[in-house]
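# Fold and geometry: a report
The chain contents come next:
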Amino acid sequence: MSFVGRFARLYSAKPAHPVGPDGRMALGDHFRELRARVLRAGTFMVLAVVIALYFFDPLYDLVFGPYSDAASKLEEGSTIATTSGPAGGLMLYLKLCGFTALIATAPYWLYQVWAFILPGLHASERKWSRIFVAIAGPLFLIGVVFGYVTLPKGLEVLIALNPEGVTNLVDFGNYLQFFTRTLLVFGLAFEIPVFVVMLNLAGVVTGKQLGAHRPWIVVGIFVFAAVATPSADPFTMTFMAVPMLILYLISEVIARWNDRRKGARKADAGLSPDELSTI
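Below or above, wherever it landed, is the structure these notes cover. (Residues numbered from 1 in each chain as written. Predicted model: local features only at pLDDT ≥ 70, side-chain atom pairs only at ≥ 80, totals over all residues. Heavy atoms only, no water.)

### So, the overall build of the chain
Scanning the chain from terminus to terminus reveals 11 helices and two strands. Helices (α) and strands (β) of the chain occur, in sequence order from the N terminus, as α-α-α-β-α-α-α-β-α-α-α-α-α. A buried classification covers 30% of the 279 residues belonging to the chain. Counting contacts in the chain only where the partners sit at least 6 residues apart, residues at least 24 apart contribute 78% of the total. (Helix = DSSP H or I, 4+ residues; strand = E, 2+ residues; numbered from the N terminus. Buried < 20%, exposed > 50% of the residue type's maximum accessible area, 1.4 Å probe, protein only. Contact = heavy atoms within 4.5 Å.)

Okay, here's the thing in structure tokens:
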């Protein structure tokens, strides 16, 4: 086999052996498919890093924007952004472009993960997984946008805690970790209502149970927001907790509607306790 043929085979997710009558593949074919999908996602991500390097300046302005906004509202000279070590500038380029590539290629590598798992799901599970992906993706992006909007205020509160006369040196590597963690926490927080609905669809919890425990869940949402937000200021905490609370109430309404729908499908739906069953 030529080099090109071997290279193409590495990227091929087709099974080398015929699929059995039960629709299952051999274990070796599963590993070959996994290898092919990992290689595809990795190659796509490397290309994205190269493209991100070309657009480094606008990406830097986008990521560093919240810090610049916070620094402009503080006393001049109270905070300075730095890099550490001889390779600090190089690591800045690699970290920022790598993070950008990871986010930009997320739809593609998430599809590769989903496509690898999909053959093992039942028809009904495939249906709900498609709905989950269609809803979870936009909600995650909305959460990331909320995190980006609130980040300048959170940074301003944290930097302002330094005593007078103390200059805050912000290493860009640490700032990038803080930046990504904040956006990730906001994005995942907006996914919680989706998981609540999925648990209801799976029969783990009912809408009635969610309503009975609503006061404790509201308290838990605000506690989670207080602990999860890196800045821990009331503004950022409230900006996370209020949308989470609204989304949770929407998920409770959906769960109650789903419970009524399931109840209407039962064979004894609408019968009184004293009425004889047709069975």
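### Topic: the side chain of Glu252
By the secondary structure assignment, Glu252 is in helix 11 (residues 234-265). Leave out the neighbours within four places in its chain, and Glu252 touches Gly207, Leu210, Gly211 and Arg214.

### Quick look at the nonpolar core
With 21 residues, the main nonpolar core has Val63, Tyr67, Leu155, Phe172, Tyr175 and Phe179 as its most contacted residues. Among the secondary structure elements, those contributing two or more residues to this core are helix 3 (56-72), helix 4 (88-104), helix 6 (123-160) and helix 7 (172-189). What Phe172 contacts, discounting residues up to four positions off in sequence, is Tyr60, Val63, Phe64, Thr82, Thr83 and Leu92. Membership of the second largest hydrophobic core comes to 17 residues, among which are Val185, Val196, Ile221 and Tyr248. (Core = buried A, V, L, I, M, F, W, Y, C linked by side-chain atoms within 4.5 Å.)

### Comments concerning the layout of surface pockets
In this structure, the largest pocket spans a volume of roughly 1,400 Å³. If you trace the largest pocket, you find 39 residues lining it, with Ala106, Leu110, Gly137, Phe140 and Leu141 closest to the centre. Every element with two or more residues in the lining of the largest pocket is listed here: helix 3, helix 4, helix 5 (106-117), helix 6, helix 7 and helix 8 (192-201). Element by element, the count of residues in the lining of the largest pocket is highest for helix 6, at 13 residues. (1 Å grid on protein atoms, 1.4 Å probe; cavity = no way out; pocket = protein on both sides within 12 Å on 5 of 7 lines; lining within 4 Å. Points joined across faces, edges and corners; volume = space filled by probe spheres on them.)

### Things to note about helix 4
Over its 17 residues, helix 4 extends 24 Å from the first C-alpha to the last, a length consistent with the 24 Å expected when each residue adds 1.5 Å. Here helix 4 has its buried residues at Gly88, Leu92, Leu96, Cys97, Thr100 and Ala101. (Expected span 1.5 Å × (residues − 1).)

### So, a nonpolar patch on the surface
On the surface, Phe222, Val242, Ile246, Ile250, Ile254 and Trp257 cluster together into a nonpolar patch covering about 530 Å² of accessible area. Following the sequence through the fold, Ile250 ends up in helix 11. (Patch = residues over 30% accessible without salt bridge, like charges linked within 9 Å, V, L, I, M, F, W, Y side chains within 5 Å. Areas by Shrake-Rupley, 256 points an atom, 1.4 Å probe, with all protein chains shown as cover. Salt bridge = Lys/Arg side-chain N within 4 Å of Asp/Glu carboxyl O.)

### Remarks on helix 8
For helix 8, the set of buried residues is Pro193, Val194, Val196, Val197 and Asn200. One side of helix 8 holds all its buried residues, which, seen down the axis, span an arc of 155°. Phi turns positive one or two residues past the end of helix 8, at Gly203, with a value near 85°. (Arc of directions from axis to C-beta.)

### A word on the environment of Ile192
With respect to the element layout, Ile192 can be found in helix 8. Take Ile192: its relative accessible area is 34%, and that puts it in the partly exposed class. Residues Ile192 and Ala136, spaced 56 residues apart in sequence, show a C-alpha to C-alpha distance of 9.5 Å. Ignoring sequence-local partners within four residues, the contact set of Ile192 consists of Phe224 and Met244.

### Thoughts on the packing of aromatic side chains
This model, assessed by the stated rule, comprises 15 aromatic pairs. Their ring planes at 40° and their centres at 4.8 Å tell us that Phe64 and Tyr67 sit as a pair that is tilted. Of the two residues, Phe64 and Tyr67 are both situated in helix 3; the distance of three residues between them amounts to about one turn of the helix. Note on accessibility: Phe64 and Tyr67 belong to one class, buried. Residues Phe99 and Phe179 carry aromatic rings whose centres are separated by 6.3 Å and whose planes lie at 85° to one another, so their mutual orientation is edge-to-face. (Phe/Tyr/Trp six-rings, centres within 6.5 Å; stacked < 30°, edge-to-face > 60°.)

### Regarding the environment of Met244
With respect to the helices and strands, Met244 occurs in helix 11. The exposure class of Met244 is buried, given its relative accessible area of 3%. Apart from residues no more than four positions distant in its own chain, Met244 is found in contact with Ala189, Ile192, Pro193, Ile221 and Phe224.

### A word on the pattern of salt bridges
For the coordinates displayed, the defined rule picks out three salt bridges. With its nearest N and O atoms 3.2 Å apart, the salt bridge here joins Arg37 to Glu33. Of this pair, Arg37 and Glu33 both sit in helix 2 (residues 27-54), separated by four residues, roughly a single helical turn. The pair Arg37 / Glu33 is uniform in exposure class, with both members buried. Connected through shared salt-bridge partners, Arg214, Glu252 and Arg256 make up one network.

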